[in-house]
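Here is how the chains run, residue by residue.
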Amino acid sequence: GVIRALKDLKSDIGKVTNVEPAVVLDKVGSLKEAVIVGTLGKSALIDQLVKSGKIDVKNMVGKWEHFLIQVVNQPMPGVEKALVIVGSDKRGTIYGIYDLSEQMGVSPWYWWADVPVQKKESIFVAPGTYTQGEPAVKYRGIFINDEAPCLTTWVKNTYGTEYGDHNFYARVFE
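**Student:** Please set out the packing of helix H4 (residues 150-159) against helix H5 (residues 166-173) residue by residue, giving values where relevant.
**Tutor:** Running from N to C, H4 and H5 point in directions that differ by 120 degrees, and their axes come no closer than 10 Å. By the angle between their axes, H4 is oblique relative to H5. Helix-helix and strand crossings are classified by hand; for H4 and H5 the assignment is right-handed. For the pair H4 and H5, the contacting residues are Leu151, Trp154, Val155 and Tyr159 in the first and Asn167, Phe168 and Arg171 in the second. In terms of residue class, the contact of H4 with H5 is made up of five nonpolar, one polar and one charged.

**Student:** Account for the packing of aromatic side chains, with residues named and values stated.
**Tutor:** Evaluated as defined, the whole model comprises 10 aromatic pairs. Ring centres of Trp112 and Phe168 lie 6.5 Å apart, and the angle between their planes is 80 degrees; this geometry places the pair in the edge-to-face category. Pair noted here: Trp112 is in the loop between helix H3 (90-104) and strand E4 (129-130) and Phe168 is in helix H5, with a separation of 56 residues, a long-range link. Looking at Trp112, the relative accessible area reads 35%, which means it is partly exposed. A relative accessible area of 2% places Phe168 in the buried class. With centroids separated by 5.9 Å and ring planes inclined at 75 degrees, the aromatic side chains of Trp154 and Tyr159 adopt a geometry described as edge-to-face. For Trp154, a relative accessible area of 31% puts it in the partly exposed group.

**Student:** Can you explain empty space enclosed by the protein? Please cite residues and give values.
**Tutor:** A complete count under the given rule lists one cavity of 30 Å³ or more for this structure. By volume, the largest cavity amounts to about 40 Å³. Lining the largest cavity we find Pro108, Tyr110, Trp111, Trp112, Arg171 and Glu174. Here the residues of the lining of the largest cavity are counted per class, giving four nonpolar, no polar and two charged.

**Student:** Please give an account of the sheet that holds strand E3 (residues 79-87) that cites residues and values.
**Tutor:** A sheet is described by the order of its strands in space; here four strands give the open sequence E1-E3-E2-E4, paired in mixed fashion. Because the sheet does not close on itself, it has two edges, and the strands there are strand E1 (33-39) and E4. As defined by bridge partners, strand E2 (residues 67-76) adjoins E4 across two bridges and the pair is classed as antiparallel. Across the sheet, the residue bridging to Gln70 is Thr129, located in E4. Running over the sheet, H3 touches E1, E2, E3 and E4 and is turned about 120 degrees from E3.

What counts, and at which threshold
Residues numbered from 1 in each chain as written. Predicted model: local features only at pLDDT ≥ 70, side-chain atom pairs only at ≥ 80, totals over all residues. Heavy atoms only, no water. Axes fitted to C-alpha atoms, helices over the stretch in contact; angles between N-to-C directions. Helix = DSSP H or I, 4+ residues; strand = E, 2+ residues; numbered from the N terminus. Parallel < 35°, antiparallel > 145°, perpendicular 65-115°, else oblique. Left-handed = near helix turned anticlockwise from the far one by under 90°. Contact = heavy atoms within 4.5 Å. Nonpolar A, V, L, I, M, F, W, Y, C, P; charged D, E, K, R; others polar. Phe/Tyr/Trp six-rings, centres within 6.5 Å; stacked < 30°, edge-to-face > 60°. Buried < 20%, exposed > 50% of the residue type's maximum accessible area, 1.4 Å probe, protein only. 1 Å grid on protein atoms, 1.4 Å probe; cavity = no way out; pocket = protein on both sides within 12 Å on 5 of 7 lines; lining within 4 Å. Points joined across faces, edges and corners; volume = space filled by probe spheres on them. Pairing = 2+ DSSP bridges.

Listed below in structure tokens is the structure:
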């Protein structure tokens, strides 16, 4: 799920700036600037940033779907500055990724409701730490009106299947 959201972030950055960044899944390497994404206890890189005191996660440990977005100077050798997105759990990390996309100007409804993406020559992140805390409700969800002929007819005409396939559900979950 996190990798899926990262691919969406890459695409969203491209939609906003017309330039898609590279996604590196294992090693940051020697980049001047980077976006580092991970989940507490699941990402060695994130855990190292916590251990070294580069990010403070004490207010999110054990929380439900909590995320933190923070600019970190010199997060590791060779990297001058990074935007770090860390989640208390997998869904928290995913919500942090999509929150960044929304802050850049990509509405969660850009595809479903034809909301135009706000084009920008460049995007910037202000230094500091940003979080929304835990959600107000424990379980978030979406109800799809799947009663025929509404969605099922559209799905069949658009995707050629009765109930949708992975392409349809990728759009739903995005």
